[in-house]
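Topology and contacts: notes
Residue-level listing of the chains:
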Amino acid sequence: MIKEELNAKSLLAVHLNDFDTQITLNYQAIKLKSRLLGPVASELWKNMSLVDLKKFSSQYLD
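Residues numbered from 1 in each chain as written. Predicted model: local features only at pLDDT ≥ 70, side-chain atom pairs only at ≥ 80, totals over all residues. Heavy atoms only, no water.

1. Considerations on the overall build of the protein chain
Across its full length, the protein chain carries 3 helices and 0 strands. If you sum the accessible surface of the protein chain, you get close to 6700 Å²; carbon and sulfur atoms cover 59% of it. (Helix = DSSP H or I, 4+ residues; strand = E, 2+ residues; numbered from the N terminus. Areas by Shrake-Rupley, 256 points an atom, 1.4 Å probe, with all protein chains shown as cover.)

Below, the structure is given as structure tokens:
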């Protein structure tokens, strides 16, 4: 989504000379099979499963 918004110019990247504007974040998600998730957590979990992590990591970590 971010790449699309950058291309559409609806989102702009800010580059500061005196500050590192790029950071690498690692996300991890864990849930117990024995515990039911609420509606928000269920939607988040479903959306996380749609992310192609291999494509994302090769695009940004190479």
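2. Looking at unusual backbone geometry
Backbone geometry places Lys-9, a non-glycine residue, at a positive phi of 65 degrees. By secondary structure assignment, the location of Lys-9 is in the loop between helix H1 (2-7) and helix H2 (39-48). Lys-9 sits in the exposed class, given a relative accessible area of 63%. (Buried < 20%, exposed > 50% of the residue type's maximum accessible area, 1.4 Å probe, protein only.)

3. Here's the deal with the environment of Glu-5
Along the chain, Glu-5 falls in helix H1. If we ignore the near neighbours within four places in the chain, the residues touching Glu-5 are Ser-10 and Leu-11. (Contact = heavy atoms within 4.5 Å.)

4. Some points on a nonpolar patch on the surface
A contiguous nonpolar surface patch, about 340 Å² in accessible area, is contributed by Leu-37, Leu-44, Trp-45 and Met-48. Along the polypeptide, Leu-37 turns up in the loop between H1 and H2. Overall, Leu-37 belongs to the partly exposed group, its relative accessible area being 34%. (Patch = residues over 30% accessible without salt bridge, like charges linked within 9 Å, V, L, I, M, F, W, Y side chains within 5 Å. Salt bridge = Lys/Arg side-chain N within 4 Å of Asp/Glu carboxyl O.)

5. A short note on the environment of Ala-29
Mapped onto the elements, Ala-29 comes out in the loop between H1 and H2. Residue contacts for Ala-29: discarding those within four places in its chain leaves Trp-45 and Met-48.

6. Quick look at the confidence of the model for the protein chain
Mean pLDDT for the protein chain: 78, with 77% of residues reaching 70 or above. Looking at the elements of the protein chain, mean pLDDT is at its lowest for helix H3 (residues 53-61), recorded as 57, and at its highest for H1, recorded as 88. (pLDDT = per-residue confidence, 0-100.)

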